[in-house]
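Chains, contacts and geometry: an overview
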Amino acid sequence: MVVKVYGPTYGSPKRVLVCLIEKEIEFETVDVDLFKGENNEPEFLKLQPFGAVPVIQDGDYTLYESRAIIRYYAEKYKDQGTDLWGKTIEERGLVEQWLEVEAHNFHPPVYNLVINVLFAPLTGAPSDQKVIEESDKKLEKVLDIYEERLSKTRYLAGDFFSLADLSHLPFGHYLMNQSGRGTLVRERKHVSAWWDDISNRHSWKKVLQLYKYPV
Amino acid sequence: MAAPTVKVYGPPMSTAVSRVLACLIEKDVQFQLIPVNMSKGEHKSPDYLKIHPFGQVPAFQDGDHISLFESRAICRYVCEKFGEKGNKELYGRNPLAKASIDQWLEAEGQNFNPPSSTLVFQLAFAPRMKIKQDEGAIKQNKEKLAKVLDVYDKRLGESRFLAGEDFSLADLSHLPNIHYLVAAPDAAPLFTSPNVARWWDEISSRDSWKQVVDLQRGA
């Protein structure tokens, strides 16, 4: 029985896919068209009641929220593939810390930029210029802190690649490519080197090769 | 008795600080609470920025061997490190239980927290700080939160707590924001649907949360 991942086109499901590849776990995918509102259909809401992607099915077991899914598989398959948690409870604590930083400090402004700059023109929804400006400002401050951190350690939680770095790949890709804001990273030497390192991993290249972004 | 090695930095009235305090008390872990005077900008001082580069509260230290920030990361660390102390079900006793807790912790962080935090600021803190309330933001975030709570009410009709039949970190994580919102006439009605109301009553009656509320009042 193979893990089924819903919504591979979109950002957050790619967080799960890159983790499964790092952990050498086989999976299959099921498309969900958010533009057609397939995520709001009753059948889908039975799996993910908030109407978001991803959700996974592993035999009888269903789990949603990409950062919960990656934690589960990184733990369950601890002895297989890349070690994404670190070796000690303290290292794991640092991975948790930077996973939360990604979720609460990096993700929100990048997500706002994706919605307002990239998706709004496609859906005909209004684009909020104020939100765009605030998000750009916030992101600069966040990336300054990342620059300071990454001048001391090779990766966010320490000198080892972890779930915390991995979690930045899907929306980092939007930031570096489609959003036209790559300079925010490129003008920060250590963040730039870190981005090149993590985005050139075989696992991420494989995700990009197999699943296109919607924009 | 030696001073506790665990230190939490920040005012107990901060929602994120109180999240960590509730967890430490559930796990029966002794701690020192170090004040940070935010109205004087202590959270942006060079010394504080060394332990929390984002200049937020809480920050956390466990003796010499770790310094952490982000309340939900601190809670998870505390549960891992002190697994055998206090409430052993708090982060699950097996991987599937833990995954369900992480799912609802993430749902809290991604779906519940953004609208509820905005409402906490607008309804509980802005008036105290003599900042003008943003009526548009209040309306918009009440609507968002109501949709999230619809999902919660359905879930809590099927399950005693969010992640299953045991109180967990996922429920605990909601205590700080809801505590402020049920005290605000404009937001309290959001929490009156039968299952959410039953759940709120049960989780807020826990001894650990009562102790946190005492700390908030004492500060």
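Residues numbered from 1 in each chain as written. Chains lettered and ligands numbered in written order. Predicted model: local features only at pLDDT ≥ 70, side-chain atom pairs only at ≥ 80, totals over all residues. Heavy atoms only, no water.

This part covers the state of the cysteines. All told, the structure shown has zero disulfides over all chains when counted by the stated rule. We note that B:Cys23 lacks a disulfide partner, and the nearest cysteine sulfur, in B:Cys75, lies 4.0 Å from it. (Disulfide = S-S within 2.5 Å.)

Attention now goes to the packing of aromatic side chains. Residue and element names in this part refer to chain A. Applying the stated criterion across every chain yields a total of 26 aromatic pairs over all chains. When the ring of Phe171 is compared with that of Tyr174, the centres are 5.6 Å apart and the planes differ by 45°; the resulting orientation is tilted. Placement of both Phe171 and Tyr174 in helix 7 (residues 169–176) is noted, with a separation of three residues, approximately one turn of the helix. Relative accessible area serves as the criterion here: at 6%, Phe171 is assigned to the buried category. (Phe/Tyr/Trp six-rings, centres within 6.5 Å; stacked < 30°, edge-to-face > 60°. Helix = DSSP H or I, 4+ residues; strand = E, 2+ residues; numbered from the N terminus. Buried < 20%, exposed > 50% of the residue type's maximum accessible area, 1.4 Å probe, protein only.)

Time to look at the nonpolar core. With 75 residues, the main nonpolar core has B:Phe60, B:Trp104, B:Tyr152, B:Leu169, B:Phe191 and B:Trp199 as its most contacted residues. Per-element tally for this core: the top contributor is helix 4 (residues 95–128) of chain B, with ten residues. Setting aside its immediate chain neighbours within four residues, B:Tyr152 contacts A:Phe50, B:Trp104, B:Ala107, B:Glu108, B:Phe112, B:Leu162, B:His174, B:Val196 and B:Trp199. With 63 residues, the next largest nonpolar core counts A:Ile56, A:Leu113, A:Phe119 and A:Val207 among its residues. (Core = buried A, V, L, I, M, F, W, Y, C linked by side-chain atoms within 4.5 Å. Contact = heavy atoms within 4.5 Å.)

Take the interface of chain B and chain A next. How large an interface is tends to be reported as the accessible area lost when its parts come together. With 32 residues of chain B at the interface, the matching set in chain A holds 28 residues. In this assembly, chain B packs against chain A so that about 2700 Å² is buried in total across both faces, 64% of it on carbon and sulfur atoms. For the chain B face of the interface with chain A, the top three residues by lost area are B:Phe54, B:Gln103 and B:Glu106, together amounting to 22%. There are five salt bridges connecting chain B and chain A. (Buried area = accessible area lost by both parts, 1.4 Å probe. Salt bridge = Lys/Arg side-chain N within 4 Å of Asp/Glu carboxyl O.)

Let us now look at the UniProt feature "domain: GST N-terminal" (unreviewed entry) in chain A. Cross-referencing UniProt, the feature "domain: GST N-terminal" (unreviewed entry) maps to residues 1–81 of chain A in the present numbering. Measuring from the first to the last C-alpha atom of residues 1–81 of chain A gives 19 Å, for a span that is 36% helix and 20% strand. (UniProt positions renumbered as here; feature names shortened; annotations may be inferred.)

With that out of the way, let us pick up the packing of helix 4 (residues 89–123) of chain A against helix 5 (residues 129–150) of chain A. Residues and elements named next belong to chain A. Here helix 4 crosses helix 5 at 145°, and the two axes come no closer than 9 Å. The crossing of helix 4 and helix 5 is left-handed. Residues Trp98, Val101, Glu102, Asn105, Phe106, Pro109, Val110, Asn112, Leu113, Asn116 and Val117 of helix 4 form the contact with helix 5, whose participating residues are Val131, Ile132, Ser135, Asp136, Lys138, Leu139, Val142, Leu143, Tyr146 and Arg149. When the residues that make up the contact of helix 4 with helix 5 are grouped by side-chain class, the tally is 13 nonpolar, four polar and four charged. (Axes fitted to C-alpha atoms, helices over the stretch in contact; angles between N-to-C directions. Left-handed = near helix turned anticlockwise from the far one by under 90°. Nonpolar A, V, L, I, M, F, W, Y, C, P; charged D, E, K, R; others polar.)

This part takes up the pairing of strand 3 (residues 59–62) of chain B. Looking down a regular strand, the side chains alternate between one sheet face and the other. Residues and elements named next belong to chain B. Burial of strand 3 is two-sided: the residues Ala59 and Gln61 facing one way and the residues Phe60 and Asp62 facing the other way are all buried. Note that strand 1 (residues 6–9) and strand 3 share four bridges and pair antiparallel. Among the inter-strand pairings, Tyr9 is bridged to a residue of strand 3, identified as Ala59. Two elements, strand 3 and strand 4 (residues 66–69), share four bridges in a ladder whose sense is antiparallel. Of the residues in strand 4, the one forming a bridge with Phe60 is Leu68. Between strand 3 and strand 4, which pair antiparallel one after the other, the connecting turn spans three residues, and Gly63 there sits at a positive phi close to 55°. (Pairing = 2+ DSSP bridges.)

Before going further, it helps to spend a moment on a nonpolar patch on the surface. On the surface, A:Phe35, A:Leu122 and A:Val215 cluster together into a nonpolar patch covering about 250 Å² of accessible area. If you trace the backbone, A:Val215 turns up in the segment after helix 10 (202–210). (Patch = residues over 30% accessible without salt bridge, like charges linked within 9 Å, V, L, I, M, F, W, Y side chains within 5 Å. Areas by Shrake-Rupley, 256 points an atom, 1.4 Å probe, with all protein chains shown as cover.)

Turning next to the sheet that holds strand 2 (residues 27–30) of chain A. Residues and elements named next belong to chain A. The strand order 2-1-3-4 describes an open sheet built from four strands, whose pairing is mixed. A single partner strand is all that each edge strand has here, and the edge strands are strand 2 and strand 4 (61–64). Neighbour-to-neighbour, the strand axes of this sheet turn through a mean angle of 25°, independent of strand direction. By the bridge criterion, two bridges tie strand 1 (residues 3–6) to strand 3 (residues 55–58) in an arrangement that is antiparallel. Each residue of the ladder has a partner; that of Lys4, found in strand 3, is Gln57. Taken strand by strand, helix 3 (residues 66–76) contacts strand 1, strand 3 and strand 4, and its axis lies near 125° from that of strand 4.

What follows covers the sheet that holds strand 3 of chain B. Backbone hydrogen bonds are what pair the strands of a sheet, in a parallel or an antiparallel way. Residue and element names in this part refer to chain B. Pairing within the open sheet is mixed, and its four strands lie in the order 2-1-3-4. The sheet is open, and its two edges are formed by strand 2 (32–34) and strand 4, each paired on a single side. Across the sheet, the mean angle separating the axes of adjacent strands is 20° when strand polarity is ignored. Examined bridge by bridge, strand 1 and strand 2 share three bridges and lie parallel to one another. Paired with Val8 across the strands is Leu33, a residue of strand 2. Packed onto the sheet, helix 1 (residues 15–26) meets strand 1, strand 2 and strand 3 and runs at close to 155° relative to strand 1.

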